[in-house]
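Architecture and fold: a report
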Amino acid sequence: MIPTYDELVSWLPELLSGLSISLQVTALSLALGIPCGLVLALGVLAKGKGTRILALFLVEVGRGAPALVLLQFIYFGLPGTGLTLGSFSAAVIALAWNTGAYTSEIIRASLQSIAHGQREAAVSIGLNRFDELRYVLLPQGLRVALPALLGFSILIFQGTSLCFTIALPELVSRAYEIGSTTFRYFPALLAAGVLYACISIPASLLVSHVEKRAGSHAQR
Amino acid sequence: MTAADFLAILRGLPLTIALTMGAFTAGALLGIPLLAARQSRLLPLRFVSMVLIQIVRGIPPILWLFIIFFGLGMSYVPISPFNAALIGLSLIAAANMAEIYRGALASIHFGQWEASRSLDLGRWSTLVDIAAPQVFRVALPSAASYLIGLMKETAVASTIGVAELAFQGNQLSQSTFRGLEVFAIVGLFYVLLSLPVAWLSRAADAYLQAKVAR
Amino acid sequence: MTAVQNAGPLIRLAALSKHYGTHLVLDQIDLEVVKGEVLAIIGPSGSGKSTLLRCINYLEVPDGGLITVGPTTIDATRAASRSELSGLRRRVGMVFQSFNLFPHMTVLRNVSLAQERVLGRTRRDADERSMQLLKRVGLADKAGQYPVRCSGGQQQRIAIARSLALDPEVMLFDEPTSALDPELGLEVLAVMRELAESGMTMIVVTHEMGFAENVSDTVMIMADGKIVEKGPSAQVMRNPQQERTKRFLRAVHDR
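Owing to the predicted nature of the structure, the values given are computational and were not obtained by experimental measurement. (Residues numbered from 1 in each chain as written. Chains lettered and ligands numbered in written order. Predicted model: local features only at pLDDT ≥ 70, side-chain atom pairs only at ≥ 80, totals over all residues. Heavy atoms only, no water.)

Time to look at the overall build of chain B. Secondary structure summary: chain B contains 9 helices and 0 strands in total. Traced from its N-terminal end to its C-terminal end, chain B shows the element sequence α-α-α-α-α-α-α-α-α. Seen through its C-alpha atoms, chain B measures out along the principal axes to roughly 70 × 45 × 20 Å. When contacts within chain B are restricted to residue pairs at least 6 apart in sequence, those whose partners lie at least 24 apart make up 75%. Total accessible area on chain B stands at roughly 10,700 Å², and carbon and sulfur atoms take up 70% of it. Treating the 14 positive side-chain charges of chain B as one cloud and the 9 negative ones as another, the clouds have centres 6 Å apart. (Helix = DSSP H or I, 4+ residues; strand = E, 2+ residues; numbered from the N terminus. Contact = heavy atoms within 4.5 Å. Areas by Shrake-Rupley, 256 points an atom, 1.4 Å probe, with all protein chains shown as cover. Lys, Arg positive; Asp, Glu negative; His and termini not counted. Charge placed at Lys NZ, Arg CZ, Asp CG, Glu CD.)

Further remarks concern the arrangement of the chains. Across the 2 pairs of chains that are in contact, the largest number of contacts falls between chains A and B. As for chain C relative to chain B, no contact occurs, and the smallest C-alpha gap between them is 25 Å.

Time to look at the packing of helix H2 (residues 49–64) of chain A against helix H4 (residues 87–113) of chain A. For any two helices packed against each other, one specifies the crossing angle of their axes together with the interaxial distance. Residues and elements named next belong to chain A. In contact at an axis separation of 8 Å, H2 and H4 are set at 110° when each is read in the N-to-C sense. In terms of axis orientation, H2 runs roughly perpendicular to H4. In the crossing of H2 with H4, the sense of the turn from one axis to the other is left-handed. Contacts between H2 and H4 pair Leu58, Val59, Val61, Gly62 and Arg63 from the former with Trp97, Asn98, Ala101, Tyr102, Ser104 and Glu105 from the latter. Residues that form the contact of H2 with H4 fall into these classes: 6 nonpolar, 3 polar and 2 charged. (Axes fitted to C-alpha atoms, helices over the stretch in contact; angles between N-to-C directions. Parallel < 35°, antiparallel > 145°, perpendicular 65-115°, else oblique. Left-handed = near helix turned anticlockwise from the far one by under 90°. Nonpolar A, V, L, I, M, F, W, Y, C, P; charged D, E, K, R; others polar.)

With that out of the way, let us pick up the interface of chain B and chain A. Quoted interface sizes are often the accessible area lost when the parts come together. Across the boundary between the two partners, chain B contributes 31 residues, which contact 33 residues of chain A. For the pairing of chain B and chain A, the buried interface totals around 2,800 Å² over both sides, and the portion due to carbon and sulfur atoms is 76%. On the chain B side of the interface with chain A, the three residues burying the most area are Lys152(B), Leu180(B) and Phe183(B), jointly 20% of the side's total. Viewed at the interface, chain A and chain B are joined by 7 residue pairs in polar contact (both at pLDDT 80 or more). Sorting the residues of the side of chain B that touches chain A by element identifies helix H3 (43–58), helix H4 (61–73), helix H8 (165–176) and helix H9 (179–212) of chain B as the ones contributing at least two each. Per-class residue counts for the side of chain B that touches chain A are 21 nonpolar, 8 polar and 2 charged. (Buried area = accessible area lost by both parts, 1.4 Å probe. Polar contact = N/O pair within 3.5 Å; in protein donor to acceptor, adjacent residues only side chain to side chain.)

Next up on the list: helix H7 (residues 171–182) of chain A. All names here are of chain A. The terminal C-alpha atoms of H7 lie 17 Å apart, and with 12 residues this matches the ideal 16 Å at 1.5 Å per residue to within 8%. N-capping of H7 is provided by Glu170, with a side-chain oxygen placed 3.1 Å from the backbone N of Val172. Where H7 ends, the next residue or the one after it, Phe183, has phi of about 55°, a positive value. (Expected span 1.5 Å × (residues − 1).)

Glancing now at the environment of Gly179(A). Residues and elements named next belong to chain A. Summarising the element assignment, Gly179 is placed in helix H7. Relative accessible area serves as the criterion here: at 0%, Gly179 is assigned to the buried category. When the C-alpha atoms of Gly179 and Leu189 are compared, they prove to be 7.3 Å apart, with 10 residues separating the residues in sequence. Ignoring anything within four residues of it in the chain, the contact list for Gly179 reads Arg184, Tyr185 and Ala188. (Buried < 20%, exposed > 50% of the residue type's maximum accessible area, 1.4 Å probe, protein only.)

All names here are of chain C. As summarised here, the arrangement of the 4 strands in space is E2-E1-E4-E5, forming an open sheet in which the pairing is antiparallel. Looking at the sheet topology across the chains shown, the edges are occupied by strand E2 (23–34) and strand E5 (72–75). In this sheet, adjacent strand axes meet at a mean angle of 15° when their direction is disregarded. Each of strand E4 (64–69) and E5 is contacted by helix H2 (residues 82–91), which is oriented at about 125° to E5, the strand it contacts most. (Pairing = 2+ DSSP bridges.)

Residues and elements named next belong to chain C. Strand order in the open sheet formed by 6 strands is E6-E7-E8-E3-E9-E10, with mixed pairing between adjacent strands. Two strands in the sheet have a free side with no partner beyond their single neighbour: strand E6 (92–95) and strand E10 (226–232). The average undirected angle you get between the axes of adjacent strands in this sheet is 15°. Here strand E9 (residues 218–223) runs beside E10; their pairing, made up of 6 bridges, is antiparallel. When the sheet's bridge partners are listed, Met220 is paired in E10 with Lys230. On top of the sheet, helix H5 (residues 152–164) reaches E6 and strand E7 (170–174); it is set at about 170° to E6, its chief contact. Seen against the sheet, helix H6 (residues 182–197) touches strand E3 (38–42), E7 and strand E8 (201–205) and runs at an angle of roughly 145° to E8.

The subject of this paragraph is H8(B). Residue and element names in this part refer to chain B. Between its first and last C-alpha, H8 extends 16 Å over 12 residues, near the 16 Å set by a 1.5 Å rise per residue. All of the buried residues along H8 are Leu165, Ala166, Gln168, Gly169, Asn170, Leu172 and Ser173. Measuring from the side-chain oxygen of the N-cap residue of H8 to the backbone nitrogen of Ala166 gives 3.3 Å; that N-cap residue is Glu164. Phi turns positive one or two residues past the end of H8, at Phe177, with a value near 60°.

Before going further, it helps to examine the interface of chain C and chain A. Every contact between the two is made by 22 residues of chain C and, on the other side, 19 residues of chain A. Summed over both sides, the interface of chain C with chain A buries roughly 1,800 Å², with 61% coming from carbon and sulfur. When the area that chain C buries against chain A is broken down by residue, the three leading residues are Phe102(C), His104(C) and Arg117(C), summing to 32%. On inspection of chain C and its partner chain A, the count reaches 2 salt bridges. A salt bridge links Arg117(C) to Asp131(A), with the nearest nitrogen and oxygen atoms 3.0 Å apart. The tally of links between chain C and chain A comes to 7 residue pairs in polar contact (both at pLDDT 80 or more). Sorting the residues of the side of chain C that touches chain A by element identifies H2, E6 and helix H3 (107–117) of chain C as the ones contributing at least two each. Counting residues per element, the side of chain C that touches chain A draws most heavily on H3(C), which supplies 3 residues. Its residues placed into classes, the side of chain C that touches chain A shows 13 nonpolar, 3 polar and 6 charged. (Salt bridge = Lys/Arg side-chain N within 4 Å of Asp/Glu carboxyl O.)

If you want it as structure tokens, here you go:
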């Protein structure tokens, strides 16, 4: 049931180049999505009603619909409007939207978890709203949010596997392709699984370590 | 978008619900022995269950379904798409529910254990009478939001041909070339499905909060 | 005790009111504080004394009345503009019961931040001034530390230095020693006494009867959102006129 050594050697270049695409999509989605998450979090907390409703809409759609549907909406749906995207850009946009929606909730909760006294102190020493956010709330809020953001990054890495459905040659697509040409599905898919696990498991151990440290830091 | 199109998507609803409920029930039940193993005093048992949970969670759901459906089903034991999806999602749900239970267990104040010991309740009674009710109480909100997450996760079953919501949407968009509307409606279905769960969870939470008043 | 200078009032509250829902917390408060005066506000909990203090720098928005600090007057019945508020807050320093230092900044940054961002000082000038202030509260050696490494008393002294950094004309203290062990409270009270002696105008909500009697010039008793009695500290503390004041002081002494 497990791949032979020769099989592994011949598959590995394929699989690794798939993994590299998965990682690229992950990195770009996070790099675009987390700043969007911050903006959306501020939008949801904003005083203006219009801003708040728009931000809430983007967040609720990005979280409410399955990432798979979001992906297909952008890849198969947008061409109907005349805007055709390659599978790589579609993947990045969909997953960045997903990231923005989820991380905005993480960031919003972290900002709201900061003791009320911090805001009062910032106000009473005369800081304006922007400085209050920049120097007092965000540095503390992002520190609180860090473990959850890292945890979400692992989910997005795994979420890149959904791009199989829009023909992006990422890790799952490569493994499936190998399976369908050699009819050695199980070993090929297993090899891909091991590659995912090799990244996800250490990463999740790291996240729980960061979580523990953040917890003990807060207790001091 | 005609009524017929709408009905075509709607046909996927029963399978989405069946997959969600089936996998959640299996996961919520299997999560209990998995948690017990994870908290066991026997190191090997603890280690094996921890590795199992990590591996299940470390591999994307779509790949699990492929491993079960294409990897096992095509080569070793024939299996239907629905059963493959149900098994895969149940496995994932069990690992995730075990982690949710574990988080809830950790949140129980150590004073509860000390009080139980000072009353000489014994290990079994402490777990069943003292810990379990509190664990389920604390786990309820996370379990509910996981149920919503799992419901959306079932969309991956479309990739192995289970004719649920996302699958029907995919078929329809290919036959009508109107992906934008079709996928918007499919997405809306998932949002609508999550509303009663969110509402029930809030109601149950409020009820328990009033009853247990912690 | 410092001599109260004979000038017009630095702070004037006129008919200040505040509700929480239907509950009246401040009932038409009129109050004047002259430059250099140290006013202690005492009274039972829930009497509105903290709310009054927090209304003075608009941390709580009053429902009605006028607040005058120096040249700035804010009419609470209409929305205050951003520039009015920043003018008010620059003149008024505030020290909180729970210190509210910024935990992610060093002690020095805590004191320097507003000087750079609000007064536009350079980092170097701000740090230099901060070191002077930290020396004044006896904590120059803590400049590079983070607040968590300091005791509660030290944190409160740093908080005092932080609000002094904007050179306020008046300092508000909201039960500054209530969160501290008695011993640590003493070091904070010593700093406050030094500040009072230097001529700073101060309004102090406190449970420290010793401070009210010995350091403040004026004592004001509040109950149920109203001023019960106000006068020179020795007179109010030793020879109160109102029955409510007598009852409160007796309850405090009997403890």
